[in-house]
Amino acid sequence: MSALAASVGTPSTAGAPLIVGLVALPMAAALAAVLLRRRAASAAVLLSAPILVGLAFAAAAMVLSTGSPIECVLGAWKPPLGIVLRADGLGTAMMVVTATIASAVALFAAATERRGAAMRGTAPGSSLNDAGATPGPADPPPGDHSGGPAEAGGEADGGGERQPDAAPERASATFWVLLASVWGALNLTFIANDLFTLFVALELLTFAAVPLVCLAGTPPALRAALRYLLLAMAGSMLYLLGVALVYGSLGALDLSLIAELIAPGTDSAPRGVLLLALVLATTGMLVKTALVPLHAWLPPAHAGAPPQASALLSALVVKGSWFVILRLWLTLGEVPGGRTVAFALAALGAVAILFGSATALRQRSLKLLVAWSTVAQIGYLFVAFPALVAAAAPTLATEALRGGMLQAISHAFAKAAMFLAAGLLVERAGRDRIDALGGAFRRMPIIFAAFAIGGLSLMGLPPSGGFWAKWLLLQATIGVGAWWLALTILAGGVLAGAYLLRVLRACGAEAPADLGADRAVVAAPAAAIAPDRLRTAIVLGLALVSMFLGFAAMVPAERCGVRRLLRSEPITQLDRPIEVLPPPSTPHGAAEAAP
Amino acid sequence: MTSATLFSLCSAALVGIGLFGLLLHQDPLRRIVALNVLGAGTFLLFGAIARRGAVDGLPSDPVPQAMVITGVVVAFAGSALAVSIVRRLAALDALDGPDGPDGPDAPSSIEPSDDAPRDASARGSGDSDGEVGGKSGAGSTGVDDAPRRGVNGGAFDGRPRRSSIEPDGRASMEGR
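Predicted model, so just to flag it, every value in this text is computed and none were measured.

Novice: Teacher, can you tell me more about the overall build of chain A here?
Specialist: The secondary structure content of chain A amounts to 23 helices and two strands. A total accessible area of about 18,000 Å² is found for chain A, and carbon and sulfur atoms account for 69% of it.

Novice: Before we go on, may I ask you to explain the overall build of chain B in this structure?
Specialist: Scanning chain B from N- to C-terminus turns up six helices and zero strands. Here chain B, with 176 residues, has 49% of them falling under the buried criterion. Sequence separation of 24 or more characterises 55% of the internal contacts of chain B that already satisfy a separation of 6 or more. Just so you have it, chain B exposes about 7,900 Å², and 67% of that area is on carbon and sulfur atoms.

Novice: Please explain the pairing of strand β2 (residues 84–87) of chain A as it appears in this structure.
Specialist: On any regular strand, side chains alternate: one points to one face of the sheet, the next to the other face. Residues and elements named next belong to chain A. Both faces of β2 are covered, namely the face carrying Val84 and Arg86 and the face carrying Leu85 and Ala87. Judged from the four bridges that link them, strand β1 (residues 70–73) and β2 form a sheet pairing that is antiparallel. Across the sheet, residue Glu71 finds its bridge partner in β2, namely Arg86.

Novice: Looking at this model, I keep getting lost on unusual backbone geometry. Mind explaining?
Specialist: All names here are of chain A. Its identity as a non-glycine residue notwithstanding, Ala290 has a phi of 65 degrees, on the positive side. Tracing the chain through its elements places Ala290 in the loop between α9 (271–289) and α10 (298–304). Taking the relative accessible area as the measure of exposure, Ala290 reaches 0% and is therefore buried.

Novice: Can you walk me through a nonpolar patch on the surface in this structure?
Specialist: Residue and element names in this part refer to chain A. There is a patch of nonpolar side chains on the surface, built from Trp483, Trp484, Leu487 and Leu490 and spanning about 460 Å² of accessible area. Position of Trp484 relative to the elements: it lies in helix α19 (residues 483–508). Take Trp484: its relative accessible area is 32%, and that puts it in the partly exposed class.

Novice: Sorry if this is basic, but what is going on with the packing of aromatic side chains here?
Specialist: Each aromatic ring pair is specified by the distance between its two centres and by the angle formed by the two planes. Residues and elements named next belong to chain A. Evaluation of the coordinates by the stated rule reveals ten aromatic pairs over all chains. When the centroid spacing of 5.0 Å and the interplanar angle of 70 degrees are considered together, the rings of Phe467 and Trp468 count as edge-to-face. Above the face of the Tyr380 ring, Lys470 is positioned so that its terminal group lies 4.6 Å from the ring centre. Here the basic side chain of Arg535 rests over the ring of Phe108, its NZ or CZ set 5.4 Å away from the ring centre.

Novice: I keep staring at helix α1 (residues 16–35) of chain A and nothing clicks. Help me out?
Specialist: Because the α-helix completes a turn every 3.6 residues, residues three or four places apart line up on one side. Residues and elements named next belong to chain A. Here α1 is 20 residues long and its end C-alpha atoms lie 28 Å apart, about the 28 Å a rise of 1.5 Å per residue gives. Taken as a whole, α1 carries its principal kink of about 30 degrees at Leu22; the proline Pro26 stands between one and four residues after it. Residues of α1 that are buried: Ala16, Leu18, Ile19, Gly21, Leu22, Val23, Pro26, Ala29, Ala30 and Ala33.

Novice: Explanation requested: the pattern of salt bridges in the structure shown.
Specialist: Between side chains of opposite charge, a pair can form as their charged atoms come close. All names here are of chain A. This structure, assessed with the given rule, holds six salt bridges over all chains. Note that Arg327 and Asp88 form a salt bridge whose closest N and O atoms lie 3.0 Å from each other. Remark: Asp88 occurs in the loop between β2 and α3 (89–121) and Arg327 occurs in helix α11 (residues 307–332); sequence separation between them is 239 residues. When sorted by exposure, Arg327 lands in the same class as Asp88, which is buried. A salt bridge links Glu427 to Arg535, with the shortest nitrogen-to-oxygen separation between them at 3.2 Å. Taken together, the positions of Glu427 in helix α15 (residues 394–429) and Arg535 in helix α22 (residues 533–552) put the pair 108 residues apart, joining distant regions of the chain. When its relative accessible area of 10% is taken as the criterion, Glu427 is described as buried.

Novice: What's the story with the environment of Val246 of chain A in this structure? I'm lost.
Specialist: All names here are of chain A. Locating Val246 in the fold gives a position in helix α7 (residues 219–250). When the C-alpha positions of Val246 and Leu332 are compared, they lie 10.0 Å apart, and in sequence the two are 86 residues distant. If we ignore the near neighbours within four places in the chain, the residues touching Val246 are Leu195, Gly251, Ala252, Ile258, Leu274, Ala277 and Leu332.

Novice: What should I look at first to understand the confidence of the model for chain B in this one?
Specialist: For any part of a model where pLDDT is low, the fine detail of the predicted coordinates should not be relied upon. Residues and elements named next belong to chain B. Per-residue confidence for chain B gives a mean pLDDT of 66; residues scoring 70 or more make up 53%. Predicted confidence is poor over residues 99–176, with pLDDT under 50, and the contacts of this stretch with residues over four places away or in other chains come to 166 contacts. Model confidence for the complex: the whole-complex pTM is 0.78, and ipTM, which rates the interface, is 0.79.

Novice: Which parts of the structure should I look at to understand the environment of Pro50 of chain A?
Specialist: Residue and element names in this part refer to chain A. Its location among the elements puts Pro50 in helix α2 (residues 38–66). Using a relative accessible area of 28% as the deciding quantity, one classes Pro50 as partly exposed. Along the sequence, Pro50 and Tyr499 sit 449 residues apart, while their C-alpha atoms lie 36 Å from each other.

Novice: Just checking my understanding: could you explain the nonpolar core for this structure?
Specialist: One broad trend across soluble globular proteins is that nonpolar side chains are buried collectively. All names here are of chain A. One finds Ile101, Trp176, Tyr239, Leu326, Phe382 and Phe385 to be the most contacted residues of the largest nonpolar core, which totals 226 residues. In terms of residue count, α7 provides more of this core than any other element does, 21 residues in total. If near-sequence neighbours (up to four positions away) are discounted, Phe382 is found in contact with Leu286, Thr289, Leu291, Trp322, Ile325, Leu345, Ala346 and Gly349.

Novice: Any chance you could explain the confidence of the model for chain A here in plain terms?
Specialist: All names here are of chain A. Predicted confidence across chain A gives a mean pLDDT of 79, with 78% of residues reaching 70 or more. Low confidence marks residues 514–523, where pLDDT is under 50. Its contacts with residues over four positions away, or in another chain, come to 21 contacts. This model gives residues 556–595 a pLDDT under 50, and the stretch forms 103 contacts once residues within four places in sequence are excluded.

Novice: In this structure, what is going on with the packing of helix α17 (residues 445–459) of chain A against helix α18 (residues 465–479) of chain A? I would like to understand it.
Specialist: Angle between the axes and distance between the axes are the two parameters that describe a pair of packed helices. All names here are of chain A. Interhelical geometry of α17 versus α18 gives an angle of 5 degrees and a closest axis separation of 6 Å. When the interaxial angle is binned, α17 and α18 end up roughly parallel. The segment α17 lies against α18, with Ser457, Leu458 and Met459 engaging Gly465, Gly466, Phe467 and Lys470. Looking at the contact of α17 with α18 residue by residue, the class counts come to three nonpolar, three polar and one charged.

Novice: I keep staring at the side chain of Glu399 of chain A and nothing clicks. Help me out?
Specialist: Residues and elements named next belong to chain A. Position of Glu399 relative to the elements: it lies in helix α15. One buried charge, Glu399, has no salt-bridge partner; the nearest side chain with opposite charge is Arg402, at 4.5 Å. When near neighbours in sequence (up to four residues on either side) are disregarded, Glu399 contacts Leu472 and Gln475.

Novice: Even after reading the chapter, I still don't get the packing of helix α2 (residues 28–52) of chain B against helix α3 (residues 62–96) of chain B, so can you show me in this structure?
Specialist: Residue and element names in this part refer to chain B. Look at α2 against α3: their axes get within 10 Å of each other, and the N-to-C directions meet at 175 degrees. Taken together, the axis directions place α2 and α3 in an arrangement best described as roughly antiparallel. Along its contact with α2, which presents Pro28, Ile32, Asn36, Phe43, Phe46, Ile49 and Ala50, the element α3 presents Pro64, Gln65, Met67, Val68, Gly71, Val72, Ala75, Ser79, Ala82, Val83 and Val86. Partitioning the contact of α2 with α3 into residue classes produces 14 nonpolar, four polar and no charged.

Thresholds, definitions, all that
- Residues numbered from 1 in each chain as written.
- Chains lettered and ligands numbered in written order.
- Predicted model: local features only at pLDDT ≥ 70, side-chain atom pairs only at ≥ 80, totals over all residues.
- Heavy atoms only, no water.
- Helix = DSSP H or I, 4+ residues; strand = E, 2+ residues; numbered from the N terminus.
- Areas by Shrake-Rupley, 256 points an atom, 1.4 Å probe, with all protein chains shown as cover.
- Buried < 20%, exposed > 50% of the residue type's maximum accessible area, 1.4 Å probe, protein only.
- Contact = heavy atoms within 4.5 Å.
- Pairing = 2+ DSSP bridges.
- Patch = residues over 30% accessible without salt bridge, like charges linked within 9 Å, V, L, I, M, F, W, Y side chains within 5 Å.
- Salt bridge = Lys/Arg side-chain N within 4 Å of Asp/Glu carboxyl O.
- Phe/Tyr/Trp six-rings, centres within 6.5 Å; stacked < 30°, edge-to-face > 60°.
- Lys NZ or Arg CZ within 6 Å of the ring centre and 35° of its normal.
- Expected span 1.5 Å × (residues − 1).
- Bend = angle between axes of the 7 residues up to and from the residue.
- pLDDT = per-residue confidence, 0-100.
- Core = buried A, V, L, I, M, F, W, Y, C linked by side-chain atoms within 4.5 Å.
- Axes fitted to C-alpha atoms, helices over the stretch in contact; angles between N-to-C directions.
- Parallel < 35°, antiparallel > 145°, perpendicular 65-115°, else oblique.
- Nonpolar A, V, L, I, M, F, W, Y, C, P; charged D, E, K, R; others polar.
- Lys, Arg positive; Asp, Glu negative; His and termini not counted.

Right, dumping it as structure tokens:
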């Protein structure tokens, strides 16, 4: 590839239609889903899913091969006044992850819908279900989850007879609208290159995520959604306050422009105000990311939603606001005092790891356990920050960035798999209690395995993506001399192992004799017990991706331009050979550090 | 003291009041109002910055003003969404009796297509409230929920629960 020779600083506009499509198409699908009725709504999203996956991979390949970010200058207005969308390596990697997980979740939701429809379609009370009533989508071969949306889109149209049922129809249409909106909002977050577009993207994301929490319609879910909404709005306002301060002191919103204005040597910028702005904006985003003192909204919100919504929220939505924090810190992180704040963030992350894991250990509900594990895993995302702003050590910063991104991505896959698996386990057990899971190992071994594999990635066992993420983070934290952070990372792995073992042991136990799980299984209609190969394959596929990310994830250090983040590799390419921790041999990074 | 400084100080005060209200009040409506006060403070800061950025000929810098318009729209949409959720909750509580802060008991149903109304739009306590009542019972565990579920669920939607979805079907089985 001539990519390495290409100059890093000249963005290309050739791929502009790609990144515009990545935002416009999901939004169009969301609008179409609003206007169309239920089955057409799911078809609109399912049909756009493979296109979006293709666009995301194409954008990633383009960034990779040209070695420069894709830019789109909206309306040909240049930055001081206009808006530029810019897809760099980080953004395209996240877009690929979003596309893969969102289409897997879409397939899962379509299969769930078909099962529900099949069960409604059969005569009520009949426990004998003929083969025709069992859902058709069991046909696609297991294993491939990202390439499948196209055929599922077709299948969703050919579903069995459904009884007219207004409420489920509206509910289902709502889910498809929200899925497409979350997708589009995330893509916009990943390619926004100015502070205000980031704000708009995050608001879109919040307004799509809150109804996802409401989806169950129960009072606890609504309360969780209300709390989430109020906190998220407060966070937005704090972020906006930070944006106002940045604009007031620099007169610029574009991140590249800001980076130029505060580059070392230009003494005009008022650093104190910028630090305040950074702290305010970061605090606002922390509320949405649910880092520990601000985490209280997350477990009820994520655990109370239906599994496909939980998977979206836990795997992707929290990563959106984290990504904004990352962008902010990569741009503004080196203002004086930023290092102290970065250490404070990492300390909060450490508390999150320990507290979240310990609380997960005490949960009785499976979905709450998975949600608390999200609280813990979010902590890892912030452990990287002290090394990230270590201006003197660009290799460390590269490692921290890579570790953080890898953690975000592998957690996204693992958590999506675990929430979907938890949904299936709970559906089968009849209630959301860990001690009601007895016999799950015998009854649904593949789901059990998928949950376990996702858990191994959270624990950080090789060769999972989580292992490499934690390994990189360990190196980064030791590099900045924060041994206490390194110890926390290790302790977090042990605690994760403990709470996962609890679930696995409960699954392996014999089915309890008391009423509850056993009776529920006996009583469940046969359609619920019928093989569910599509959903099983999706869950297993996601779990396997999180496990084998480790083989793919090593981004060559010299290609991960930390300083202005012009590129990095899409981390999800599975065909890359493993490269064990490339030695920190990047004078390149040092050269870049001094523009 | 220039007007920009004065407005900035006012905005700081408003932000403080808003945060204070948001953190100290439990009542959702008060928190929504506090949120709007916080938003007003933020928008006022944009106004002050716009005034400060006035250059020759222009009375103020148009960019912050453009941002304020977007911000106001977002704050309005957020408030509307929040109020609609509050109304929905009030309708459910009136139906079910106060549920109490029964915490994050995840519903055992995972079927989005059958849980009742999930769009956050505030609808009157009309068509599908019965189903929601049924669901709120399904979230908690234990047999003692079964009677309540039966009463609420059966009373409102006028079709056998068994025909609905698996968790409800099982619920009626448990009740037997």
